[in-house]
Amino acid sequence: MARSTSPPLTLLSAAYLASLLPVDTIGRTPMVRLSSVEGIGERPPVDIVGKLEYMNPGSSIKDRVAKHIVAQLDAKGVPKDALLIVAGPGNLAISLGMLKRTLLCLIPERTSTDRVQLLKAAGVADIVRTLDGALPGSAEHPVEIGKRIAKHKPGAVYIDEELGDWDLGECYRELAEEIIEQVDGRLDALVLGVDTGNAATHLSKALKAKLPGLQVVGVEPANSAIGEQSVTNPLVKRWLCEDIGRAYAPRALAPGSVDMWIQVSDTVAYSMARRLIQGGIHAGPSSGASVAAARMYSMSSLQPGQRVAVILGDTARNYGETLLSDDWLLAHDLFDARMLDDLQRTQLEQYRAASIEDLQLPAAVTVSENDTMAVAIGLMLENDFSQVPVTGQGRKLIGYLTLSAAQALLENGTAQRSMPVKQFMLRFAGKPSGTANPPVDGGASSAGSGLGGFRSISSRGGAASRRRSYWLITPETPLNELAKFFEVHSVAFVTDASRKFCLGIATKQDLIGFLARRNTHHF
């Protein structure tokens, strides 16, 4: 299998490198073997390779589409600052935004919050959520919504791949040429997820012109209605997997482009995507569906030694709240039996009902809020502490001070060694006490947003809507809960049930030491 190579950086002039734009780096994505990923390379011995389209600069195959749409807009004389009304799950909009276009986005309800936040961060102010599965011609369909909005936006251009209004033949011919080069001209099947139908139509035509015996396998979610044997049904149960599937056959899909259809359940798609991540392939759920379908097809239709290529269309990083969240996958029953067993073993069995008491932590050493900074720093240096709990009246735990913050405050002159700790400590109320000075180091800043027994809860409103709730950590707290706490925070202050007295300080290193003593080595 040939590799797609680019000129070594040492051969590129400084002037050339300085002139590079994101559009210049689209394409020439790598192709890798997937057979070594757990759950993929088992029998039969078929060569399964993945085209990593998520490694385009905008992290999806839609970068290629955006590049050609922008070129066609320029050829038509459309002003570069013209408003583009873009319909789709979000990847095309992200790619067009990367190319510095002004956007209004029509995004389906099921599109991940991560992509919406990325669009907002890129400066897209207008995002309209559309109904999942709306049928063509209905008032809720993106085309109709886009037309209504365009009436109030003179000069706006409506962009929807599904309509087939854009010549994307050259876009996918370039991709087909890359694939043929990378497989040394030997390929028996191509597997790809289908949404608008453009990729399936144009890749099938371009590849079969060079490889007449090639089979194109289309992948859609269970309950989708794109495949030739599917029936349009607006009331059918919706799927969770994004970027593939429709409640109807898109008009851009040419008849006969796809030789075989495979439907994949959400559970299979998400579980395979997580296996890909574990194998070093950071692709999204639609890629998980395509790889799972490739494995099914290989086992049923290919012979040993044959080769199948899979298009991995977008990145796992767009799914922080879904694919990458164990809690979300559990809540939606998207782990297959094997992955669920592995997760339960990792989260529960390795600790075997142990609690913080089993860590055998030393008694906490504290300072009073009225102690001087010199006393606090000396205590931390003497005991090799990175932080020290601070107590108030009645020795009640009220906050803490980090060594790095204290030293930085002294160095920049904000604090003096004779000043009391209470002026610079971090209170568990959520902000530094005393002065209006902000935290000055990473540890203090992190602490102000959630350490020491507090956890931050963020709603979709962003930083302005952050609120805080106390995560009570006592000697009876199970270690699996403490491990969850350490996914976000670096240190936990163990208190009594009344939250009055600090009994000890725990870190992830204490958990690692505990597991090492048990010889489980799961950390």
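Preceding block: the structure.
In what follows, the accompanying structure is described. Every chain is numbered on its own, with residues counted from 1 as its sequence reads. Owing to the predicted nature of the model, reporting of local features is limited to residues with pLDDT of at least 70; listing and counting of side-chain atom pairs is limited to 80 or more, with chain, interface and lining totals taken over all residues. Hydrogens and water molecules were not included; the side-chain quantities draw on all heavy atoms of the structure.

Focus on the overall build of the chain
Here comes step 1: Check the secondary structure of the chain and you find 16 helices and 18 strands.
Here comes step 2: Accessibility here uses a 1.4 Å probe with only protein chains present; expressed as a share of the type maximum, an area under 20% marks a residue as buried, one over 50% as exposed, and anything in between as partly exposed. Within the chain, buried positions represent 49% of all 523 residues.
Here comes step 3: Every residue pair with non-hydrogen atoms within 4.5 Å of one another is taken to be in contact. A separation of at least 24 residues holds for 64% of the contacts in the chain among residues at least 6 apart in sequence.
Here comes step 4: Areas reported here follow the Shrake-Rupley algorithm with a probe of radius 1.4 Å; residue values treat only the protein chains shown as occluding. With an accessible surface of roughly 24,300 Å², the chain has 52% of that area assigned to carbon and sulfur atoms. Helix and strand assignments follow DSSP, with helices taken as H or I runs no shorter than four residues and strands as E runs no shorter than two, numbered in order from the N terminus.

Observations regarding the packing of helix H2 (residues 62–75) against helix H3 (residues 91–98)
Here comes step 1: Between H2 and H3, the shortest axis-to-axis distance is 8 Å and the interhelical angle comes to 55°. It follows from the interaxial angle that H2 and H3 lie oblique. The interaxial crossing formed by H2 with H3 has right-handed handedness. Together, Lys62, Asp63, Val65, Ala66, Ile69 and Val70 of H2 and Asn91, Leu92, Ser95, Leu96 and Met98 of H3 make up the contact between the two elements.
Here comes step 2: Each residue gets one of three labels, nonpolar for Ala, Val, Leu, Ile, Met, Phe, Trp, Tyr, Cys and Pro, charged for Asp, Glu, Lys and Arg, and polar for the others, Gly among them. Here the contact of H2 with H3 is composed, by residue class, of seven nonpolar, two polar and two charged. Fitting a line to C-alpha atoms yields each axis, with helices limited to the stretch in contact; the angle taken between N-to-C directions then spans 0 to 180 degrees. If an angle is under 35 degrees, it is roughly parallel; if it is over 145, roughly antiparallel; if it lies from 65 to 115, roughly perpendicular; otherwise it is oblique. Less than a right angle of anticlockwise turn of the near helix away from the far helix marks a crossing as left-handed, whereas a clockwise turn marks it as right-handed.

Structural notes on the pairing of strand S4 (residues 102–108)
Here comes step 1: With six of its seven residues buried, S4 lies for the most part within the structure.
Here comes step 2: For the segment spanning strand S3 (residues 83–87), H3 and S4, crossover handedness is right-handed.
Here comes step 3: For two strands to be treated as a pair, DSSP must find at least two bridges joining them. Sheet topology places S4 next to strand S5 (residues 126–130); five bridges connect them, and they run parallel. Residue pairing for S5: Leu104 is matched across the bridge by Asp126.
Here comes step 4: We call a crossover right-handed when, viewed with both strands directed away from the observer, the connection leading from the first strand over the helix to the second proceeds clockwise. Once the chain exits S4 it traverses helix H4 (residues 113–121) before rejoining the sheet at S5, and the crossover so formed is right-handed.

Focus: unusual backbone geometry
Here comes step 1: A positive phi angle is found at Gln360, which is not glycine, with a value near 55°.
Here comes step 2: With respect to the helices and strands, Gln360 occurs in the loop between helix H11 (337–349) and strand S11 (367–368).
Here comes step 3: Its relative accessible area of 68% is what places Gln360 among the exposed residues.
Here comes step 4: Here the phi dihedral of Arg395 falls at roughly 60°; this positive angle occurs in a residue that is not glycine.
Here comes step 5: Note on placement: Arg395 falls in the loop between strand S12 (387–391) and strand S13 (397–402).

Thoughts on the sheet that holds S12
Where strands meet in a sheet, backbone hydrogen bonds hold them as pairs that are either parallel or antiparallel.
Here comes step 1: Spatial strand order, S11-S12-S13-S14: four strands in an open sheet with mixed pairing. Sheet topology places S11 and strand S14 (426–427) at the edges, where each strand pairs with a single neighbour.
Here comes step 2: Pairing of S11 with S12, which is carried by two bridges, proceeds in the parallel orientation. Bridge pairing links Val367 to Val390 in S12.
Here comes step 3: Across the sheet, helix H12 (residues 373–383) touches S11, S12 and S13, and the angle it forms with S13 is around 70°.
Here comes step 4: Contacts from helix H13 (residues 403–411) reach S12 and S13, with the element oriented near 65° to S13.

As for the nonpolar core
Here comes step 1: Among buried residues, the Ala, Val, Leu, Ile, Met, Phe, Trp, Tyr and Cys ones that are joined through side-chain atoms within 4.5 Å form a nonpolar core. Counting residues in each nonpolar core, the largest one holds 54 residues, and the members touching the most others are Ile159, Tyr172 and Leu190.
Here comes step 2: Those residues in contact with Leu190, other than ones at most four positions away along the chain, are Ile179, Leu203, Leu207, Leu214, Gln215, Val216, Val217, Ala309 and Ile311.
Here comes step 3: Counting residues in each nonpolar core, the second largest holds 41 residues, with Val46, Val191, Leu329 and Leu334 among its members.

Notes on the packing of aromatic side chains
Here comes step 1: When the centres of two rings from Phe, Tyr and Trp lie within 6.5 Å, Trp using its six-membered ring, the rings pair. Their planes under 30 degrees apart give stacked, over 60 give edge-to-face, and anything left gives tilted. Per the counting criterion, the structure on display carries three aromatic pairs.
Here comes step 2: Considering the side-chain rings of Tyr270 and Trp328, the 5.6 Å spacing of their centres and the 50° angle between planes classify their relative orientation as tilted. Within this pair, whereas Tyr270 is found in helix H8 (residues 266–278), its partner Trp328 is found in helix H10 (residues 326–331), the two being separated by 58 residues in sequence.

Focus: the sheet that holds strand S10 (residues 307–312)
Here comes step 1: Within the open sheet, the six strands sit side by side as S1-S2-S10-S7-S8-S9. Their pairing is mixed. In this open sheet, the two strands that pair with only one neighbour each are strand S1 (31–33) and strand S9 (260–264). Direction aside, the axes of adjacent strands within the sheet are offset by 25° on average.
Here comes step 2: Helix H6 (residues 169–182) contacts S1, strand S2 (47–52), strand S7 (189–193) and S10 of the sheet and is inclined by roughly 140° relative to S2.

Side note on helix H16 (residues 508–517)
Here comes step 1: Buried within H16 are the following residues: Leu511, Phe514 and Leu515. All buried residues of H16 lie within an arc of 95° about the axis, which places them on one face of the element. Among the exposed residues of H16, those oriented more than 90 degrees off its buried face are Gln509 and Arg517.
Here comes step 2: Buried residues along H16 sit in contact with helix H15 (479–485) and strand S18 (502–507). Here the arc refers to the directions that run from the helix axis out to each C-beta atom.

A few points about empty space enclosed by the protein
Here comes step 1: In this analysis a 1.4 Å probe is tested at points of a 1 Å grid over the protein atoms alone, and where it fits but cannot get out there is a cavity; an open set with protein on both sides within 12 Å along at least five of seven lines is a pocket; lining residues have an atom within 4 Å of a point. Grid points are joined across faces, edges and corners, and a volume is the space filled by probe spheres set on the points. Taken as a whole and judged by the stated rule, the model has four cavities of 30 Å³ or more.
Here comes step 2: Taken as a whole, the largest cavity spans an internal volume of roughly 680 Å³.
Here comes step 3: Secondary structure elements with two or more residues in the lining of the largest cavity: H3, S4, S7, helix H7 (198–210) and helix H9 (285–301).
Here comes step 4: Classifying every residue of the lining of the largest cavity gives 19 nonpolar, 15 polar and ten charged.

As for the packing of H6 against H7
Here comes step 1: Packing of H6 against H7 brings their axes to within 8 Å, and their N-to-C directions diverge by 50°. Taken together, the axes of H6 and H7 are oblique relative to one another. In this structure, H6 crosses over H7, and the sense of that crossing is right-handed. Here H6 contributes Gly169, Tyr172, Arg173, Leu175, Ala176, Ile179 and Ile180 to the contact with H7, which in turn contributes Asn198, Ala199, His202, Leu203, Ala206, Leu207 and Lys210.
Here comes step 2: When grouped by side-chain class, the residues that make up the contact of H6 with H7 number nine nonpolar, three polar and two charged.

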